[in-house]
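Descriptive structure summary
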Amino acid sequence: MNRCRRWQKRIPEAIYGELDAETRESMERHFAGCEGCAGLYHQMAEAVRKMEARPAPDRPPEYWDAYWDRLEARMAHDAAPARPRRAPAVRAWAYGTAGAILFLSLGIFIGRTFLRTRPELPPQAGTASTGTAPSGRPGLERGEGTAALAVRASRYLKRSRVLLLAVVNSDPKDEDPFKLNLPLQKKASEELLLEAAALRKGLGSSDPRLERLIADLEMILLQIANLTPDSDETDIEIIRAGVEGRDILFKINLNETVRPKQKAVAGLSPAWPGENRDPARIRTAAAA
Amino acid sequence: MSREDEARLADRLAAGDPSAFRELVAAYQRKVYGLAYEMTRNHADAEDISQITFMKIHRAIGTIKPGYGLSTWIYQITHNAALDHIRKKPFFPREALTAIAPDRHAGEPADPAANPEQAAESSSLRRRIDGVLAKFSERERAVFVLRHYHDLKIKEIARALGVSLGSVKSYLFRSILKLQRELDEAGPAPDDGERP
């Protein structure tokens, strides 16, 4: 069987006359005794013979007459030193760059002239790394706009309100006042005290009512900041009395009501981040 | 072109004879075109490939080595150029080759010596062979065409295509076997009334 395969693989060589005389004789001897191989040889040879019906592809004589001229023209074209496409390619690139610069300049001009962004907000007290301007001075000392100052005051008041609601709504009879998460409240008070100082400095005497409110709040915030783990419900009661006695929550609400325009100018959302999620506020709202 | 003529032409090319290149083109244009056509089955592609081949040859004349078969070298460049051309084509389905195959001999006149019946039979067989060749792989087609139409020895085909002798023998055996089986399976072709 292996012998048959070996001779069969050499059939093409036999058909195209590439076998030497000795190999050819050996093959013929094998084919004489093997009908399968001989049959395959004749079939394949017949298939090759049929190829006579299909001559090699050719073209009409006129095609070949002009072949050299076409080839020479193409060679001359390809060998041309300067390609006309190069220059427009560079020019297109330059146009593209110029267009991009012009477009960018136009965008900056429109943005600066017609779409002035809202004033940059000064950093909040308590955010230690941002509480100071790059120059080293607090943001409010740099002559900020009135709108930005109002927004900052509004945020301060909202944050204070949340803190006060959490403290004054705690019920000493039912729950431990220090379940209020005292360290967090104390820290918030300290931050708000810093912010109050900055605000008072920035406001000057431009808004006496807001200045008084901030001063009142400072007293309460100071009491909250000074609470210790030894403090009992009496201390909370004192704070609550101070808030109620000075109508601080009412004044904060009043301040928010009469200054909606300033907030709108600054483009800020009226809610302090996280305010709506404050459980004390939710409780107050439900009670109201 | 005999082996001696081929060697002399190679020597003239290597020596920088300006008329030698034109002689080379005249001697090989049909062969180069023929292989390119068999690889692509498209006259425009064959023209393009043949011109690219001759331009490559012109650029590489200085690298011709005396004693190295000129025709083998030319077929090698042609085959590579054809493969490059096929690879660059976005879509070259085998079915398309089969479909366009009947157009291949459209411009050829019928054999005036044959009677109408014989001419029709011959034309039908030619179309069947075209169909079979279109089913060959690129390598099978290149090997078969170089052996059958260009009369290259198996050793020369191996050198031109950059494959081993055994591979060429194997491709040649498979291609002839395919041809035989396909033609036997098809049987006598029906006379569809078309004339080349």
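In this report, the structure presented in the accompanying data block is examined. Because the structure is predicted, anything quoted here is derived from the model rather than measured. (Residues numbered from 1 in each chain as written. Chains lettered and ligands numbered in written order. Predicted model: local features only at pLDDT ≥ 70, side-chain atom pairs only at ≥ 80, totals over all residues. Heavy atoms only, no water.)

Topic: the overall build of chain A
Within chain A, the regular secondary structure consists of 14 helices and 0 strands. Secondary structure elements in chain A, listed N-terminal to C-terminal, are α-α-α-α-α-α-α-α-α-α-α-α-α-α. When each of the 288 residues of chain A is scored for burial, the buried share is 35%. A separation threshold of at least 6 residues defines the contact pool for chain A, and within that pool the share at least 24 residues apart is 72%. On chain A, roughly 17,900 Å² of surface is accessible, and the fraction owed to carbon and sulfur atoms is 57%. (Helix = DSSP H or I, 4+ residues; strand = E, 2+ residues; numbered from the N terminus. Buried < 20%, exposed > 50% of the residue type's maximum accessible area, 1.4 Å probe, protein only. Contact = heavy atoms within 4.5 Å. Areas by Shrake-Rupley, 256 points an atom, 1.4 Å probe, with all protein chains shown as cover.)

Considering the interface of chain B and chain A
In this complex, chain B contributes 44 residues to the contact, which on the side of chain A involves 30 residues. Buried surface at the junction of chain B and chain A, summed over both partners, amounts to about 3,700 Å²; 64% is from carbon and sulfur atoms. Inspection of the region where chain B meets chain A yields 8 salt bridges. In this structure, Glu18 of chain A and Arg147 of chain B form a salt bridge, with 2.4 Å as the shortest nitrogen-oxygen distance. The interface formed by chain B and chain A holds 14 residue pairs in polar contact (both at pLDDT 80 or more) in total. A per-class count over the side of chain B that touches chain A returns 20 nonpolar, 10 polar and 14 charged. (Buried area = accessible area lost by both parts, 1.4 Å probe. Salt bridge = Lys/Arg side-chain N within 4 Å of Asp/Glu carboxyl O. Polar contact = N/O pair within 3.5 Å; in protein donor to acceptor, adjacent residues only side chain to side chain. Nonpolar A, V, L, I, M, F, W, Y, C, P; charged D, E, K, R; others polar.)

A short note on the packing of helix α2 (residues 18–40) of chain B against helix α7 (residues 138–148) of chain B
The description of two packed helices rests on the angle between their axes and on the distance between the axes. Residues and elements named next belong to chain B. Interhelical geometry of α2 versus α7 gives an angle of 150° and a closest axis separation of 10 Å. Classified by the interaxial angle, the pair formed by α2 and α7 is roughly antiparallel. The hand of the α2/α7 crossing is right-handed. Each of Leu35, Glu38 and Met39 in α2 lies in contact with α7, whose residues at this interface are Glu138, Arg141, Ala142, Val145 and Leu146. Its residues placed into classes, the contact of α2 with α7 shows 5 nonpolar, no polar and 3 charged. (Axes fitted to C-alpha atoms, helices over the stretch in contact; angles between N-to-C directions. Parallel < 35°, antiparallel > 145°, perpendicular 65-115°, else oblique. Left-handed = near helix turned anticlockwise from the far one by under 90°.)

Things to note about the pattern of salt bridges
Applying the stated rule across the entire model yields 27 salt bridges over all chains. A salt bridge links Glu13 of chain A to Lys169 of chain B, with the nearest nitrogen and oxygen atoms 3.7 Å apart. Placement of the pair is Glu13 of chain A in helix α2 (residues 11–15) and Lys169 of chain B in helix α9 (residues 165–186), with the two residues belonging to separate chains. We classify Glu13 of chain A as buried; its relative accessible area is 6%. Note on Lys169 of chain B: relative accessible area 27%, which makes it partly exposed. Residue Glu46 of chain A pairs with Arg49 of chain A through a salt bridge whose shortest N-O separation is 2.6 Å. Taken together, the positions of Glu46 of chain A and Arg49 of chain A, both in helix α4 (residues 35–50) and 3 residues apart, correspond to about one turn of that helix. In this structure Glu46 of chain A comes out as partly exposed when scored by relative accessible area, which is 33%.

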